[in-house]
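Examining the three-dimensional arrangement
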Amino acid sequence: MSGVLEELESAGVAFSTDYEDIIAHCKDFNPLHQLKLLKKLTPALPEVVVFPKSVEEVSKVLKIANSLRIPVYVFGGASGVIDSATPYEGGIALSTLGLEWIEIEEENRILTCGAGVVGGRLEKILNHRGFSLRHIPQSLYCSTVGGWVATASSGQFSTGYGNIEDLIVSLKAVMPNGEILEERKTPRRAGVDLKRLFVGSEGLFGVIVEVMMKFFELPKESVKLSFEYESIESALEDAKRLLPLKPALMRVFDDEETLRYFDSEAFSLIAIFEGEGAKEKGKIARSILRGKEVEGYVDIWLEKRFDVSDISKIGVLGFVFDTIEVSCFWSSAAKLYRAVIDAIRSVEGTVTASAHASHFYETGLCFYFTFAGFPANAEEYYSEVWRRAIMASLENGGNTTHHHGIGRLRRAWLGEEFGSFLPLLKELKFIIDRNNIMNRGVLQ
Amino acid sequence: MNPKLIMRILSQTDLKTKLRLAKVIPKLGSGDEIVKCMLCPNMCLYSCPVFDAERRLTVSPSVKSRIAYFGGEEAIYHCLPCDACRENCKMEISVNDCLRKLRSGKYADKIDRWMRKLSKRIEERDGKILYFPGCRTFEFGLFEKTVECLEKLGVDFALTSEIVCCGMPYYEIGDKRYMEHFSKLKKVASDYEKVISSCPHCVSIVREIGINSDHLLTLLKPSRIGGTISYHDPCLMARKLGLIEEPRNFLKACGFEIVEPAFSKRQTACCGYGGIYRLLYPENAEKIAEKRRKELDFEVVTACPACKAALRGKDFVELLLEVI
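Residue indices follow the written sequence of each chain, beginning from 1 at its first position. In the order they appear in the text, chains get letters beginning with A and ligands get numbers beginning with 1. In keeping with the model being predicted, local features are shown solely for residues with a pLDDT of at least 70 and side-chain atom pairs are shown and tallied solely at 80 or more, while totals for entire chains, interfaces and linings include all residues.

Examining the overall build of chain B
Counting its regular elements, chain B contains 19 helices and eight strands. Between the two quantities, the radius of gyration covers C-alpha atoms and the globule rule is 2.2 Å times the number of residues to the power 0.38. Computed over its C-alpha atoms, the radius of gyration of chain B comes to 22 Å, within 12% of the 20 Å expected for a compact globule of 324 residues. Reported as C-alpha extents along the three principal axes, the dimensions of chain B are approximately 75 × 45 × 40 Å. Relative to its 324 residues, chain B shows a buried fraction of 50%. We call two residues in contact whenever the C-beta atoms placed from their backbones are within 7 Å. Within chain B, counting contacts between residues at least 6 apart in sequence, those at least 24 apart form 68% of the total. A run of H or I in DSSP becomes a helix once it reaches four residues, and a run of E becomes a strand once it reaches two; helices and strands are each numbered from the N terminus. The burial label depends on the number of other C-beta atoms within 10 Å of a residue's C-beta. Counts of 20 or more mean buried, 12 or fewer mean exposed, and intermediate counts mean partly exposed, with C-beta atoms placed from the backbone.

Structure, rendered in structure tokens:
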């Protein structure tokens, strides 16, 4: 770290080596980190935290880090769960939160914002003008726009509006050598879409500093549907039946989650149609769905959808709690669901294992598994649940991640996920980040 | 938790785990609020004015709780009594309430210096209800105007010179001298039917120490004025006193068209001048005020002397004095 502070000082970039700033940047939201905190332990500690306020300042920081070969870990809201931002090798924690500008172009339905803008604030500002991002991850209120792109995130309305890669129009990034990348803004172009290199890049290739995104008019009309089923198969069949009608949101809950949310022991499906024609679509949906219609589940779910207080309530007692999201084609869905649930339950210490399908495509869906355990050894339990669950997914037609990312948590299965593309990823990393300063240990 | 869910969970859990669970199930729902907050992913982050001004995770709600848990002594002062965190917390945790208990009077010298500037000569008068202006009413030049307004409205009110400040600054900073202020205020107030204040924080404190208290607004009578304004909800006025529609109804009765900002009513955004934050970190408080000013498109009307000063707006009494 010799010389870094002097260089940051002369570059005029705000930084801190204060103990409290260091502790604030010691981890992301991976559950094992939470258990460490309870013991007053820190998973890792950066040596300095930098607070750039502009694209140029980010560039200055990376030039300094690159010339001195100092590791850099990028921090937005630190709500990621895959052990990605954790500064295991010390170095620099780079906070993007000072990149907070917002420009809204109503005529073009696009906005440009700094990577450090917190999603919830952006959404509220848009709502006030009659618009919405329609990118509503559960972390909306604590995650940043830059973080969404870096993790390839999905929102609750992805079935109707797409995932983050469908919603970004352009982005600006700073390469590890400090070079600023910017393209001509346009609704679409032919040729290689190079900005996509940064979607899901988890800080590997540089720092995403600015994002241009689409936004939508707040729908004036919406129809909410709730149905119950006797099995996961029949619920999934109805979900597939509903897809051609393009619901804005659709979710299928297994019996345990239906019990938790709606106090019923069936399987369930909820859907929202919105915008012009929603009522008509609702009528058609009712005529083709084979489940039993029930009242009010959508409203109950909407009310509870950002409630993550159980993490704190059971976390304080030492429970291990986490979620695992994978995707699969329709043909594998029911089999994969059972296999992963059985795999999680097979680990001693498991208290609950449940799932819902949360994002749907013509070709398949995302299953989102939730587990909680009260094991004798938390670390061993956690790693065994993950190992068995991911293996069950891979053996039953699924993959390793849908929208939380890879980080360090899933890197053991990188080969399974990327296949023979993996060497290309490594080569790209080498070309772009010769000195390997960016998020070392992540995605590699 | 749903009993059916508990039965289901138990039926699927192995015996060793069940035995371990038996020891902790009685503790479900318990736990220190600081720890629960620390374990949250910061779900109220977007609403925290201090974080928004400083743009540091260090002073974000959940991370402040982490730092407090680790024994940190600086970030715990970087907080406002706005309760935006509590408003957006499913566990209803007020981070400032948690942190206040851990503050030990650091920076009391700054509060002392500020308090000394407040010495104010008040012409005492008798009445059934006590008008307790609150220190910021003096600081921001609203005292004389309020007295004039109440007199013109024919309100029977008392004034005392025995106590100027409710003790909030000492209370917020963790200096035990707040107790002297509280007990003196209680003693003085016990001679009156009710205490009225211009400051929502004073009303809140006076109520907390068990005295019947209301905001000044409840004594005012609307007069026809007219125009278009932005109404800024003072945090404690909306969140603690629950006065949300009352000021709006008053302004409508005065003939105003009210334009709501993006953050209003219980989701209002703090002006930055609340509590002791401005006294400890004036530059950051000014950043919050500047951000809030940008959200308000028209002339700002508000019902708190600190908000009025931060947002360069008008108090209700100033509006009324223009026409009565």
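Re the overall build of chain A
From N to C terminus, chain A includes 17 helices and 18 strands. Here the C-alpha radius of gyration of chain A, 22 Å, is about what a compact globule of 444 residues would show, namely 22 Å. Principal-axis analysis of the C-alpha atoms places the extent of chain A at approximately 70 × 60 × 40 Å. Split into buried and exposed, the 444 residues of chain A put 55% on the buried side. Nonlocal contacts in chain A, meaning residues at least 24 apart in sequence, comprise 72% of its contacts between residues at least 6 apart.

Remarks on the domain arrangement of chain A
Domain delimitation follows an automatic or database domain assignment. Under the domain assignment used here, chain A contains domain 1 (4-95), domain 2 (102-217), domain 3 (222-304) and domain 4 (309-420). The centre of domain 1 of chain A, based on its C-alpha atoms, is set 43 Å off from the matching centre of domain 3 of chain A.

Some remarks on the domain arrangement of chain B
All names here are of chain B. The domain architecture assigned to chain B consists of domain 1 (31-100), domain 2 (110-218) and domain 3 (222-321). A separation of 24 Å is found between the C-alpha centroids of domain 1 and domain 3. Listed per partner, the contact involves 13 residues of domain 1 and 17 residues of domain 3. Among the secondary structure elements, those contributing two or more residues to the side of domain 1 that touches domain 3 are α4 (49-54) and α6 (84-87). Ranked by residues supplied to the side of domain 1 that touches domain 3, first place goes to α4 with five residues. Taken together, the residues of the side of domain 1 that touches domain 3 sort by class into eight nonpolar, one polar and four charged. Three residue categories are used. Nonpolar comprises Ala, Val, Leu, Ile, Met, Phe, Trp, Tyr, Cys and Pro, charged comprises Asp, Glu, Lys and Arg, and polar comprises the others, including Gly.

A look at the interface of chain B and chain A
Contacts between the two partners involve 44 residues from chain B, matched on the other side by 48 residues from chain A. Taken together, the elements giving at least two residues each to the side of chain B that touches chain A come down to α1 (3-12), α2 (15-24), α3 (33-38) and α5 (61-69) of chain B. Along the lines of polarity and charge, the residues of the side of chain B that touches chain A split into 22 nonpolar, 10 polar and 12 charged.

Describing helix α5 (residues 119-128) of chain A
Residues and elements named next belong to chain A. Buried within α5 we find G119, G120, R121, L122, E123 and L126. Next to the buried residues of α5 lie β5 (102-105), β6 (110-114), β7 (131-132) and α6 (145-151). Two residues or fewer after α5 comes G130, characterised by a positive phi angle close to 90°.

Here's the deal with the packing of helix α1 (residues 4-11) of chain A against helix α4 (residues 55-68) of chain A
The packing of two helices is summarised by the inter-axis angle and the distance between the axes. Residue and element names in this part refer to chain A. Across the interface, α1 lies against α4 with an axial gap of 10 Å and an inter-helix angle of 155°. Taken together, the axes of α1 and α4 lie roughly antiparallel to each other. Read as a crossing pair, α1 and α4 show a hand that is right-handed. For the pair formed by α1 and α4, the contact residues are V4, E7, L8 and A11 on the first element and K60, I64 and L68 on the second. Note on geometry: axes are C-alpha line fits, over the in-contact stretch for helices, and angles between N-to-C directions span 0 to 180 degrees. Each angle gets one of four labels, with under 35 degrees taken as roughly parallel, over 145 as roughly antiparallel, 65 to 115 as roughly perpendicular, and the rest as oblique. Each helix crossing is assigned a hand: it is left-handed if the near helix lies turned anticlockwise from the far helix by less than a right angle, otherwise right-handed if that turn is clockwise.

Thoughts on the sheet that holds strand β2 (residues 48-50) of chain A
All names here are of chain A. If DSSP finds at least two bridges between two strands, the strands pair. Ordered by their spatial adjacency, four strands build an open sheet running β1-β2-β4-β3, and the pairing between neighbours is mixed. Sheet topology places β1 (15-16) and β3 (72-75) at the edges, where each strand pairs with a single neighbour. The pairing of β2 with strand β4 (residues 92-95) spans three bridges and is parallel. For V50, the partnering residue across the bridge sits in β4 and is L94. Here α4 sits on the sheet and contacts β2, β3 and β4; the angle it forms with β4, its principal contact strand, is near 165°.

A few points about the pairing of β3(A)
In regular strands, side chains alternate between the two faces of the sheet. All names here are of chain A. Going residue by residue along β3, you find V72 and V74 tucked away on one face and Y73 and F75 tucked away on the opposite face as well. Bridging between β3 and β4 involves four bridges; their strand directions are parallel. For V72, the partnering residue across the bridge sits in β4 and is I92.

Examining the environment of B:Y77
All names here are of chain B. With respect to the helices, strands and loops of the structure, Y77 is situated in the loop between α5 and α6. Since 22 C-beta atoms lie within 10 Å of it, Y77 is described here as buried. Sequence-wise, Y77 and N96 are 19 residues apart; in three dimensions their C-alpha atoms are separated by 8.7 Å. When residues no more than four places from it in sequence are discounted, the contact partners of Y77 are R103, K106, Y107 and L280.

What about unusual backbone geometry?
As a rule of thumb, non-glycine residues mostly have phi less than zero, and peptide bonds are mostly trans rather than cis. We note that A:R134 has phi near 60°; this positive angle belongs to a residue other than glycine. Position of A:R134 relative to the elements: it lies in the loop between β7 and α6.

What about the environment of B:K287?
Note on placement: B:K287 falls in helix α17 (residues 282-295). A count of 18 C-beta atoms within 10 Å places B:K287 in the partly exposed class.

A word on the sheet that holds strand β18 (residues 364-373) of chain A
All names here are of chain A. Spatially, the seven strands line up as an open sheet ordered β15-β12-β14-β13-β17-β18-β16, and their pairing is antiparallel. Two strands in the sheet have a free side with no partner beyond their single neighbour: β15 (292-293) and β16 (320-329). Examined bridge by bridge, strand β12 (residues 222-229) and strand β14 (residues 267-274) share eight bridges and lie antiparallel to one another. Across the sheet, residue F227 finds its bridge partner in β14, namely L269. Each of β12 and β14 is contacted by helix α12 (residues 297-304), which is oriented at about 85° to β14, the strand it contacts most.

Quick look at the pairing of strand β3 (residues 194-197) of chain B
Residues and elements named next belong to chain B. The pairing of strand β1 (residues 129-131) with β3 spans three bridges and is classified as parallel. By the bridge assignment for β3, L130 is matched with V195. As paired elements, β3 and strand β4 (residues 213-215) share three bridges and run parallel to each other. Pairing of S197 across the sheet is with H215, part of β4. Whether a crossover is right-handed depends on one test, that the path from the first strand over the helix to the second runs clockwise when the strands point away from the viewer. Since β3 and β4 lie parallel, the crossover through helix α13 (residues 200-208) that links them has a hand, and here it is right-handed.

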